[in-house]
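Report on the structure
Listed below are the residues making up each chain.
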Amino acid sequence: MLKVLNIVGARPNFMKIAPIVREMRRRETDFMPLIVHTGQHYDAAMSDSFFVDLGIPQPDFHLEVGSASHAVQTAKIMTEFEPVVLAEKPDWVLVVGDVNSTIACALVCAKLGVKIAHVEAGLRSRDRTMPEEINRILTDAISDLLLTTSQDADENLKAEGVTEDKIKFVGNVMIDSLFYSLKLAENSRVREDLDLTGKDYAVLTLHRPSNVDEPQIFGGLLDALRSIGEKIPIVFPAHPRTKANIELFGYAEKIASSQIKLVEPLGYLDFMRLYSGSKLVLTDSGGLQEETTALSIPCLTLRENTERPITISHGTNILVGTNPERIKRAAFEVLNQDSISNDKKIPPLWDGNAAERICVALLENS
Ligand code: UD1
């Protein structure tokens, strides 16, 4: 019986851990899964609602660290998590993704000699100004089992000197959650509530510091989006960081006077219902690049790079950067197409069964 501490902290972690914990509970003679929530995200809309929508059991440990600078947040997670590991003596600690909670918990375990499994290992944007890129590189360097979503990630890890026996290509656990929840999401009334039924619309998310912390870049993006809004209305569920900066930079009027509809952050099922019916997604999120690829929805990524190149080579993602003219051109091109080409395929092993392969990999490596 393997005792596994499963770590969650921030919004993009919840949909990754949900199918893993479900599969571990199903294999009750092999696994004893516990959940640790670091509290990196704490608002009801950023955390609690995801536990409800995804049917995740209540955390066994809640570290309640909250927001702070990167150093303070990472250090707080470490000091709060170390006693949990010492008391629980797990066989494995499983971390997902690339947020501060991921590296903080992995680092605690590396020093205590507790085995770490990293889900979504090996992704690289090659942009070290992104805090997530630092988290990815460091977490992979100290993990014992590197579970990858795509084969380019395996290649990245090998190029960094990771031995093949530590790498296991298991597919994309985020797509497990997507396929599991699609039917449930049909009960959401979000399209009706936003008066979108029977209408064409686009969906926008923006939260990367590089896009929303610089008034000039954020302003340029909004100008491009205002023009696109004249062709197709845009729904914009805004992250707390983004909302705060809209106020700080005085952009509320820029948005209010456009066809961009600013709404509160949505729960997992409401958001799925929203983007799954859209004509176009514009985003700087990592997860959404994958979700749109799985559903063959055109996605424009408003970044200069992506750690998920498979969504471009095997999916619907187009990297358009942050230049307003380029974004407008790309959006108009997509909107002028009758339909997206049918030769787009879903990447290998994005099949809804990644959690099962993760459990098998843990058993085989124990
Ligand atoms: C974090 C992750 C990022 C992920 C994003 C998804 C890191 C380095 N970044 O960024 O990879 O894509 O989550 O959302 O781990 N805040 C609230 N309520 C909350 C949480 C945050 O209001 O529940 C506000 C606070 O003002 C906080 C700010 O959002 O200072 C940023 O939160 P933080 O967790 O530091 O980073 P994110 O930008 O959310």
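I will try to describe carefully the structure that is included in this document.

Parameters at a glance
Residues numbered from 1 in each chain as written. Predicted model: local features only at pLDDT ≥ 70, side-chain atom pairs only at ≥ 80, totals over all residues. Heavy atoms only, no water. Pairing = 2+ DSSP bridges. Helix = DSSP H or I, 4+ residues; strand = E, 2+ residues; numbered from the N terminus. Axes fitted to C-alpha atoms, helices over the stretch in contact; angles between N-to-C directions. Core = buried A, V, L, I, M, F, W, Y, C linked by side-chain atoms within 4.5 Å. Buried < 20%, exposed > 50% of the residue type's maximum accessible area, 1.4 Å probe, protein only. Contact = heavy atoms within 4.5 Å. Right-handed = clockwise from strand over helix to strand, strands pointing away. Phe/Tyr/Trp six-rings, centres within 6.5 Å; stacked < 30°, edge-to-face > 60°. Lys NZ or Arg CZ within 6 Å of the ring centre and 35° of its normal. Salt bridge = Lys/Arg side-chain N within 4 Å of Asp/Glu carboxyl O. Near = heavy atom within 4 Å. Areas by Shrake-Rupley, 256 points an atom, 1.4 Å probe, with all protein chains shown as cover. Nonpolar A, V, L, I, M, F, W, Y, C, P; charged D, E, K, R; others polar. Polar contact = N/O pair within 3.5 Å; in protein donor to acceptor, adjacent residues only side chain to side chain. Expected span 1.5 Å × (residues − 1).

Moving on, we come to the sheet that holds strand β11 (residues 280-283). Strand order in this open sheet of six strands is β10-β9-β8-β11-β12-β13, and the pairing throughout is parallel. Two strands in the sheet have a free side with no partner beyond their single neighbour: β10 (260-263) and β13 (317-319). Strand-to-strand twist in this sheet, taken as the mean axis angle between neighbours without regard to direction, amounts to 20°. Two elements, strand β8 (residues 202-205) and β11, share four bridges in a ladder whose sense is parallel. What sits directly across from Ala202, in β11, is Leu280.

Here the focus is the nonpolar core. The biggest cluster of nonpolar side chains holds 56 residues, and the ones touching the most others in it are Ile20, Leu94, Leu274, Tyr275, Ile358 and Leu362. Residue contributions to this core peak at seven residues, all from helix α1 (residues 11-26). Setting aside its immediate chain neighbours within four residues, Leu274 contacts Val190, Leu194, Leu196, Tyr201, Val203, Val235, Pro237 and Leu266.

Counting buried positions along strand β4 (residues 92-96) gives five out of five residues, so the element sits mostly inside the fold. Sheet topology note: the β4/strand β5 (residues 115-119) ladder contains five bridges and is parallel. Across the sheet, the residue bridging to Val96 is Val119, located in β5. Taken together, β4, helix α4 (residues 100-112) and β5 form a β-α-β motif whose crossover is right-handed.

This paragraph deals with the packing of aromatic side chains. Throughout the structure, instances matching the rule amount to seven aromatic pairs. Within the aromatic cluster, the residues linked to one another by ring pairs are Phe14, Phe50, Phe51 and Tyr268. We note Arg22 situated over the ring of Tyr180; from NZ or CZ to the ring centre the distance is 3.5 Å. One residue, Lys231, lies across the ring of Phe332, its end atom 5.3 Å from the ring centre.

Time to look at the pairing of β5. The element β5 is largely enclosed, with a buried count of four among its five residues. Bridge count between β5 and strand β6 (residues 145-148): three bridges; the pairing is parallel. Considered in β6, the bridge of Ala117 is made with Leu145. In the classification by handedness, the crossover that spans β5, the intervening helix α5 (residues 131-142) and the parallel β6 is right-handed.

A word on the pattern of salt bridges. One side chain can pair with another of opposite charge once the charged atoms of both are near each other. For the structure shown, the criterion picks out 23 salt bridges. Notably, a salt bridge pairs Arg136 with Glu133, separated by 2.6 Å at the nearest N-O pair. Of this pair, Arg136 and Glu133 are both found in helix α5, three residues apart, which corresponds to roughly one turn of the helix. The same class applies to Arg136 and to Glu133, which are both buried. Arg357 is the salt-bridge partner of Asp351, the closest N and O atoms lying 2.8 Å from each other. Shared partners join several salt bridges into a network, and the residues in it are Lys16, Asp98, Glu120, Glu133, Arg136, Glu290, Arg303, Glu307 and Arg308.

In the region of the ligand, 18 residues are neighbours, and Gln40, His41, Asn100, Glu132 and His207 sit closest. For the ligand, whose accessible area on its own is 740 Å², the fraction buried by protein is 84%. Among the secondary structure elements, those contributing two or more residues to the shell around the ligand are α1, α3 (70-88), α5 and α11 (240-248). Taken together, the residues of the shell around the ligand sort by class into six nonpolar, eight polar and four charged.

Following the sequence through the fold, Ser125 ends up in the loop between β5 and α5. The class for Ser125 is buried, based on a relative accessible area of 8%. A polar contact of 3.1 Å, which involves the side chain of Ser125, links it to the backbone nitrogen of Asp127. Every residue in contact with Ser125, bar those within four places of it in the chain, is listed here: Met130, Glu133, Arg136, Arg303, Asn305, Thr306 and Glu307.

A few words now on the sheet that holds β4. Two orientations exist for strands paired in a sheet by backbone hydrogen bonds: parallel and antiparallel. Strand order across the open sheet formed by seven strands is β3-β2-β1-β4-β5-β6-β7, with parallel pairing between neighbours. Across the chains shown, the open sheet's two edge strands, defined by having one partner strand only, are β3 (61-62) and β7 (167-169). Across the face of the sheet, α1 comes into contact with β1 (2-8), β2 (31-37), β4 and β5 while running at roughly 160° to β1.

A rise of 1.5 Å per residue sets the reference length of α5, with its twelve residues, at 16 Å; its end C-alpha atoms lie 17 Å apart and thus fit the reference within 8%. For α5, the set of buried residues is Glu132, Glu133, Asn135, Arg136, Ile137, Thr139 and Asp140. On its buried side, α5 packs onto β4, α4, β5, β6 and α6 (151-159).

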